[in-house]
Amino acid sequence: MKKNMIALAVAAAMVPGFAAAADSKVSGFADITYINADADADVLGNGKETSAFTANAEVDFASKLSDIVSVRTDVDFNIGGNDGAASAIIEQAFFAAGVAEGVTVIGGVFNNPIGWQAVDVVDRYQSTNLLTYDVLDGQTALYGNSIAGVAVAGDLGPVTVTGAVLNDIGGLTDKNSVALVVNAAPVAGLDVELGYVTQETDHEDGSPTIDTAGNVTNLNATYKNAGLTIGAEYMTAEELLETGLSFTANYMFTPALGATIAYSSVKGKDATGPWQDDADTRTSVAGIWNVADNLTSKLEFTTDDKGDNNDSTNVVNLRFIAKF
């Protein structure tokens with residue numbers, strides 16, 4: 001599900017799309033969603049029931065103007081109203097350089113390589129985030145669960161090892177985070193990833209006001225066989241999170257039709273942090289219809305159960321993802 005850093009570097013130069021100039025490519029997608037949710041779900045942040053359409057888009061620019069260096073920038077666009085309050089924001093902006101046989105250096109802003117779920121909905125088997133992804137996204141100060149720094153990925157035969165020196169993922173400008181990711185494929189169809197990232201917990205006055213989880217450890221695995229994809233994930237954090245778990249199963253009955261069930265839970269270490277000591281859980285069931293090579297529709301039902309107060313919320317999404 002998640003690309004390792006070497007695959008990410010290759011993807012920077014191999015993005016499908018049309019040539020905007022020699023050795024450059026443009027691709028992306030439009031994301032049109034109908035949301036029906038009860039008031040407690042508060043999906044639009046106004047505390048009201050929701051029955052509404054939204055639209056977002058992403059445009060990706062990739063170029064490889066030399067044999068060893070590729071460049072990529074992803075820009076996300078969000079819908080605006082009559083007041084013109086739309087937004088465009090950079091999700092990724094990085095270079096990838098093949099400096100030696102099997103060694104790639106990546107520098108800039110890029111998607112967090114730690115965790116199972118992909119950032120973009122076009123790469124997911126369902127629409128709604130896993131709770132484990134929300135934990136990681138909540139700990140990274142940059143937009144779109146992204147991180148900034150320099151990483152070196154090395155292909156060591158049976159494993160790929162990536163080390164990175166980053167800006168503090170929580171946003172402190174006088175501190176740094178260090179990350180290590182190890183990817184392995186022990187048997188055919190099985191990919192395993194172990195990731196670890198440090199985070200400063202001593203926030204002084206003027207620092208970002210986030211609930212800091214501290215150092216995060218994540219172990220995830222993906223198994224694929226014919227039309228079946230199974231993903232599992234375990235994570236923990238030094239300060240606030242005791243355990244985070246996720247399980248996703250997708251089966252494509254035909255190239256056009258498939259179904260997904262996804263379950264995730266997070267359990268805090270005490271009752272004072274963002275995750276309570278009674279686990280929160282999320283379950284999503286989705287149907288997938290690949291209408292055409294460049295158009296996918298997903299119909300999903302998601303229920304959240306809040307372990308601390310026994311409340312539950314329900315959300316229905318009908319999503320259309322059109323790629324170019």
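Model, not experiment: these values are computed from the prediction. (Residues numbered from 1 in each chain as written. Predicted model: local features only at pLDDT ≥ 70, side-chain atom pairs only at ≥ 80, totals over all residues. Heavy atoms only, no water.)

K.L.:
What am I meant to see in the overall build of the protein here?
P.N.:
Secondary structure assignment for the protein yields two helices and 17 strands. The 324 residues of the protein split such that 43% are buried. Restricting to contacts in the protein with at least 6 residues of sequence separation, those with at least 24 account for 50%. By element, 58% of the accessible surface of the protein is carried by carbon and sulfur atoms, the whole surface being about 15400 Å². (Helix = DSSP H or I, 4+ residues; strand = E, 2+ residues; numbered from the N terminus. Buried < 20%, exposed > 50% of the residue type's maximum accessible area, 1.4 Å probe, protein only. Contact = heavy atoms within 4.5 Å. Areas by Shrake-Rupley, 256 points an atom, 1.4 Å probe, with all protein chains shown as cover.)

K.L.:
Help me understand a nonpolar patch on the surface, please; the structure alone is not making it clear to me.
P.N.:
Taken together, Tyr251, Phe253, Leu257, Trp289 and Val291 make up a surface patch of nonpolar side chains, about 530 Å² in accessible area. Mapped onto the elements of the fold, Phe253 is located in the loop between strand E13 (241-252) and strand E14 (257-268). (Patch = residues over 30% accessible without salt bridge, like charges linked within 9 Å, V, L, I, M, F, W, Y side chains within 5 Å. Salt bridge = Lys/Arg side-chain N within 4 Å of Asp/Glu carboxyl O.)

K.L.:
Please clarify how the confidence of the model for the protein should be interpreted in this entry.
P.N.:
Caution applies to low-pLDDT regions: their predicted coordinates should not be interpreted in detail. For the protein, the average pLDDT comes to 86, and 84% of its residues sit at 70 or higher. Contacts for the low-pLDDT stretch residues 10-19, under 50 throughout, to residues beyond four places or in other chains number 24 contacts. (pLDDT = per-residue confidence, 0-100.)

K.L.:
What should I look at first to understand the side chain of Thr303 in this one?
P.N.:
With respect to the secondary-structure elements, Thr303 resides in strand E16 (residues 295-305). Overall, Thr303 belongs to the buried group, its relative accessible area being 19%. Looking at Thr303, its side chain comes within polar contact range of the side chain of Asn314, at 3.0 Å. Apart from residues lying up to four places away in sequence, Thr303 is in contact with Thr281, Arg282, Thr283, Ser312, Thr313 and Asn314. (Polar contact = N/O pair within 3.5 Å; in protein donor to acceptor, adjacent residues only side chain to side chain.)

K.L.:
Mind showing me how you'd approach the pairing of strand E4 (residues 69-78) here?
P.N.:
Remark: a regular strand shows side chains that alternate across the two faces of the sheet. Note that strand E3 (residues 50-63) and E4 share eight bridges and pair antiparallel. Paired with Glu58 across the strands is Asp76, a residue of E4. Connecting E3 to the next strand, E4, in antiparallel fashion are five residues. Pairing geometry for E4 and strand E5 (residues 87-100), over ten bridges, is antiparallel. Bridging from a neighbouring strand, Val69 pairs with Ala97 of E5. (Pairing = 2+ DSSP bridges.)

K.L.:
What exactly am I supposed to notice about unusual backbone geometry here?
P.N.:
Across residues other than glycine, the phi torsion is negative in most instances, and most of the peptide bonds are trans. The phi dihedral of Asn145 is positive, around 50°, even though this residue is not glycine. Structurally, Asn145 can be placed in the loop between helix H2 (131-139) and strand E7 (146-155). With phi around 55°, Ala226 is a residue other than glycine that occupies positive phi space. In this structure, Ala226 sits in the loop between strand E11 (216-225) and strand E12 (228-237). Here Ala226 falls in the exposed class, since its relative accessible area comes to 82%.

K.L.:
Would you mind going over the pattern of salt bridges with me for this structure?
P.N.:
Side chains that differ in sign of charge can pair as their charged atoms come close. Within this structure, the stated rule accounts for five salt bridges. A salt bridge links Asp31 to Arg319; its shortest N-O distance comes to 2.7 Å. Placement of the pair is Asp31 in strand E2 (residues 24-37) and Arg319 in strand E17 (residues 312-323), with a sequence separation of 288 residues. With relative accessibility at 4%, the residue Asp31 sits in the buried group. For Arg319, a relative accessible area of 14% gives the class buried. Each member of the salt-bridge network shares a partner with another, and the members are Asp60, Arg72 and Asp74.

K.L.:
I'm lost on the pairing of E2 in this one. Help?
P.N.:
Inspection of the sheet shows E2 paired to E3 by 14 bridges, in the antiparallel sense. Directly across from Asn36, in E3, lies its bridge partner Ser51. Relative to E17, E2 is paired through nine bridges, and the arrangement is antiparallel. Looking across to E17, one finds that Asn36 is bridged to Val316.

K.L.:
Before we go on, may I ask you to explain the packing of aromatic side chains in this structure?
P.N.:
This model, assessed by the stated rule, comprises four aromatic pairs. Pairing Phe94 with Phe110 gives two aromatic rings, centres 6.4 Å apart and planes at 80°, and the pair type is edge-to-face. In this pair, Phe94 sits in strand E5 while Phe110 sits in strand E6 (residues 103-111), placing the two residues 16 residues apart along the sequence. Overall, Phe94 belongs to the buried group, its relative accessible area being 3%. (Phe/Tyr/Trp six-rings, centres within 6.5 Å; stacked < 30°, edge-to-face > 60°.)

K.L.:
It is not clear to me how H2 should be interpreted in this structure. Could you clarify?
P.N.:
Since the α-helix advances by 3.6 residues per turn, residues separated by three or four positions end up pointing in the same direction. Leu131, Thr132, Tyr133, Val135, Leu136 and Gln139 are the residues of H2 that are buried. Buried residues in H2 make contact with E11, E12, E13, E14 and strand E15 (280-292).

K.L.:
For this particular structure, what's the right way to read the nonpolar core?
P.N.:
Within soluble globular proteins, side chains that are nonpolar generally end up buried alongside one another. Within the largest apolar cluster, 23 residues are counted, with the highest numbers of intra-cluster contacts made by Phe110, Leu166 and Val197. Secondary-structure elements contributing two or more residues to this core are E5, E6, H2, E7, strand E8 (159-167), strand E9 (176-184) and E12. Setting aside anything within four residues of it in sequence, one finds Leu166 in contact with Phe110, Ile147, Ala148, Gly149, Asn176, Ser177, Ala179 and Val197. Counting six residues, the second-largest nonpolar core is a separate cluster that includes Trp116, Val119, Tyr125 and Ala262. (Core = buried A, V, L, I, M, F, W, Y, C linked by side-chain atoms within 4.5 Å.)

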